[in-house]
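Okay, here's what each chain looks like letter by letter:
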Amino acid sequence: MVSYAKDERCVALAKVLVPLLERSGPDGAGGYGGTFQVHVPSQTAAQLGGLDLIRAALRKAARELGWTFGTYGFGGGPEGATTLIGIHDTREIPEPYAQVVEEHRQRQMRAAVERMSMRYSDVAAPAPSSPPLRGTPVVQTKEFLAAVADHGLLE
């Protein structure tokens, strides 16, 4: 397996990812319970160094935050395809923060179920009246793409 630890693209991407991972947890949770998932065009993932390099940068950023974590990634493929990349903090959540993290996860799950229910409903439903929740893949993908563009990581 190739090590990306000292690859300059990996180091630069990890620096961009640290604040995004910090924001991925719920407010008031002491930095616990973060989850970060993005859906990027495969061409964009390739420009950033590919799926394996992006996952290595996620791991590097998570280590800087003291996370114990799991990463995942799927994709690549032909032009027009989407690459899914994610990481989640698996540390045990201390009691003062456990309720905050659980409530946050419940809100995210309810929002996901509502979006899917509207998508597959027989009745045309109006667009949701509220913007997507912070910490959802839709918002995280937009933040990620903006951050990598701002830092000149995309050609």
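Shown above is the structure to which this text applies.
Residues numbered from 1 in each chain as written. Predicted model: local features only at pLDDT ≥ 70, side-chain atom pairs only at ≥ 80, totals over all residues. Heavy atoms only, no water.

1. Some thoughts on helix H5 (residues 137-150)
Taking 1.5 Å per residue as the helical rise, H5 with its 14 residues ought to reach 20 Å, and the 19 Å between its terminal C-alpha atoms agrees with that figure. Within H5, burial applies to Val139, Gln140, Thr141, Phe144, Ala147 and Val148. Where the residues of H5 are buried, they touch helix H1 (8-23) and strand E1 (35-41). Remark: Gly152 follows H5 within two positions and exhibits a positive phi of approximately 70°. (Helix = DSSP H or I, 4+ residues; strand = E, 2+ residues; numbered from the N terminus. Expected span 1.5 Å × (residues − 1). Buried < 20%, exposed > 50% of the residue type's maximum accessible area, 1.4 Å probe, protein only. Contact = heavy atoms within 4.5 Å.)

2. Here we look at helix H3 (residues 51-64)
The first and last C-alpha atoms of H3 sit 20 Å apart over 14 residues, in line with the 20 Å expected at 1.5 Å per residue. Considered for burial, the residues of H3 that qualify are Leu53, Ile54, Ala56, Ala57, Leu58, Arg59, Ala61 and Ala62. Tucked into the core, H3 has its buried residues touching H1, E1, helix H2 (42-47), strand E2 (69-74) and strand E3 (82-89). Two residues or fewer past H3, Gly66 is found with a positive phi of approximately 80°.

3. A few points about the pattern of salt bridges
As a working rule, side chains carrying opposite charge can pair if their charged atoms are close by. In this structure the tally under the stated criterion is three salt bridges. A salt bridge links Arg9 to Asp7; the nearest nitrogen and oxygen atoms lie 3.1 Å apart. Here Arg9 falls in the partly exposed class, since its relative accessible area comes to 41%. Where Arg23 meets Glu143, a salt bridge forms, and the shortest distance between an N and an O atom there is 3.9 Å. Taken together, the residues Arg23 in helix H1 and Glu143 in helix H5 connect sequence positions 120 residues apart. Using a relative accessible area of 26% as the deciding quantity, one classes Glu143 as partly exposed. (Salt bridge = Lys/Arg side-chain N within 4 Å of Asp/Glu carboxyl O.)

4. Describing the nonpolar core
Leu13, Leu17, Leu21, Phe36, Leu58, Ile87 and Phe144 are the most contacted members of the largest nonpolar core, which has 27 residues in total. The set of elements that each furnish at least two residues to this core consists of H1, E1, H3, E3 and H5. The dominant element in this core, judged by the number of residues it contributes, is H1, at eight residues. Each residue touching Ile87, except ones within four places of it in the same chain, is listed here: Leu21, Gly34, Thr35, Phe36, Leu58, Arg59, Ala62, Trp67, Phe69, Gly70, Thr71 and Tyr72. (Core = buried A, V, L, I, M, F, W, Y, C linked by side-chain atoms within 4.5 Å.)

Structural measurements only, silent on function.
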